[in-house]
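Descriptive structure summary
So you can see what is in the structure, the chains are spelled out below.
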Amino acid sequence: MTVQIITRRAPLRATSWNAETRTFDFDASTGAPVERWDARGPYLESLLVSGARFQTPLPLLNEHRRDSVADQIGQVGALKVVGGKLTGQATLSRNNSTAQLIGAELSDGQTYSISIGYRVLKWRERTNAETQKREKIATEFEVLEVSLVTLPADRHAGIRSMTTETTQAATPETSPPA
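The structure presented is a predicted model; accordingly, all values stated were derived computationally and were not measured. (Residues numbered from 1 in each chain as written. Predicted model: local features only at pLDDT ≥ 70, side-chain atom pairs only at ≥ 80, totals over all residues. Heavy atoms only, no water.)

The next point concerns the overall build of the protein. Within the protein, the regular secondary structure consists of one helix and 10 strands. In sequence order, the secondary structure elements of the protein are arranged as β-β-β-β-β-β-β-β-α-β-β. Buried positions account for 46% of the 178 residues belonging to the protein. Put simply, of all contacts in the protein between residues at least 6 apart along the chain, 72% involve residues at least 24 apart. Accessible surface, the protein: about 9600 Å² in total, of which carbon and sulfur atoms supply 48%. (Helix = DSSP H or I, 4+ residues; strand = E, 2+ residues; numbered from the N terminus. Buried < 20%, exposed > 50% of the residue type's maximum accessible area, 1.4 Å probe, protein only. Contact = heavy atoms within 4.5 Å. Areas by Shrake-Rupley, 256 points an atom, 1.4 Å probe, with all protein chains shown as cover.)

Judged by nonpolar contacts, the single largest core of 29 residues is most densely connected at F24, F26, L60, L86, L92, I116 and F141. Elements supplying a minimum of two residues to this core: strand 2 (23-29), strand 6 (58-62), strand 7 (72-82), strand 8 (85-92), helix 1 (97-107), strand 9 (113-127) and strand 10 (134-149). Ranked by residue count, the leading element in this core is strand 10, at five residues. If sequence neighbours within four positions are ignored, L86 has contacts with F26, D27, A28, S29, V49, A52, F54, L79, K80, V81, I116 and V143. (Core = buried A, V, L, I, M, F, W, Y, C linked by side-chain atoms within 4.5 Å.)

Right, let's talk about the environment of S147 for a bit. Within the secondary structure, S147 is located in strand 10. On a C-alpha basis, the gap between S147 and L61 in space is 4.5 Å, while along the polypeptide they are 86 residues apart. Excluding residues that lie within four positions of it along the chain, S147 makes contacts with L60, L61, E63, H64, S113, I114 and S115. Side chain to side chain, S147 and E145 meet in a polar contact 2.7 Å long. (Polar contact = N/O pair within 3.5 Å; in protein donor to acceptor, adjacent residues only side chain to side chain.)

In this section: the environment of L61. With respect to the helices, strands and loops of the structure, L61 is situated in strand 6. The exposure class of L61 is buried, given its relative accessible area of 7%. In the structure, L61 is positioned 87 residues away from L148 in sequence and 6.4 Å away in space, judged by C-alpha atoms. Once you skip the residues sitting within four places of it in the chain, L61 turns out to touch R66, D71, Q72, I73, E145, V146, S147 and L148.

Our next topic: the pairing of strand 8. Of the pairings in the sheet, the one linking strand 2 to strand 8 comprises six bridges and is antiparallel in character. Looking at the pairing, D25 lines up with Q89 of strand 8. Bridge count for strand 7 against strand 8 is eight bridges, and the pairing is antiparallel. Its bridge partner being in strand 8, K80 is matched across the sheet by T87. (Pairing = 2+ DSSP bridges.)

This brings us to unusual backbone geometry. Excluding glycine, most residues fall at negative phi; most peptide bonds, likewise, are trans. Put simply, T56 and P57 share a cis peptide bond, and its omega is 5°. Along the polypeptide, P57 turns up in the loop between strand 5 (52-53) and strand 6. The residue R22 is not glycine, and still its phi comes out positive at about 60°. Following the sequence through the fold, R22 ends up in the loop between strand 1 (6-11) and strand 2.

Once that is clear, we can look at the confidence of the model for the protein. The predicted coordinates ought not to be read in detail in places where the model reports low pLDDT. Of the residues in the protein, 82% have a pLDDT of 70 or more, and the chain-wide mean is 85. In the model, residues 163-178 has pLDDT below 50 throughout and makes 32 contacts with residues more than four positions away in sequence or in other chains. (pLDDT = per-residue confidence, 0-100.)

Attention now goes to the pairing of strand 4 (residues 41-47). Every regular strand shows the same layout, with side chains that alternate between the two sheet faces. For strand 4, the tally of buried residues reaches five of seven residues, placing the bulk of the element in the interior. Sheet analysis places strand 3 (residues 34-38) next to strand 4, joined by five bridges and oriented antiparallel. Considered in strand 4, the bridge of D38 is made with G41. Between strand 3 and strand 4, which pair antiparallel and follow one another directly, the connecting turn spans two residues. Note that strand 4 and strand 10 share four bridges and pair parallel. Paired with L44 across the two strands is E135, which belongs to strand 10.

What follows is the structure, given as structure tokens:
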């Protein structure tokens, strides 16, 4: 059986980049709707961020590539839900040549995007009363990897402008996105 890995992309801002520790903080998802298609046609997919499941560390991949260990450019050592966002901290590898290039670009102020690869465990489906569009909410999903990518899906997520305080408590969402 082939496992379908779904991906989401979010813009990165390199302002939390720390060249000395090779780390950056990011918002992996805000749950923003993304247009998808299945056998029944188009729909808007949203993630209920409080439904994220994960075990860290997770691989930090280059463009969701997973064919070689060389595609792993670092790791994600922490993920948590804070203020309705899935946030984390990534560390770029010191030895991977692609990670070295990305680190140099981040130091120069370059921006990238971020995306998560995940597997949906539970869905809730509905039709939006106003738009009559089909909506699917992933109420529980497993994060499998985080990737640096070129194009975002969730435009509200990305590298954080400030580091996340370790004392800040997670705030679960109480309702799914509309």
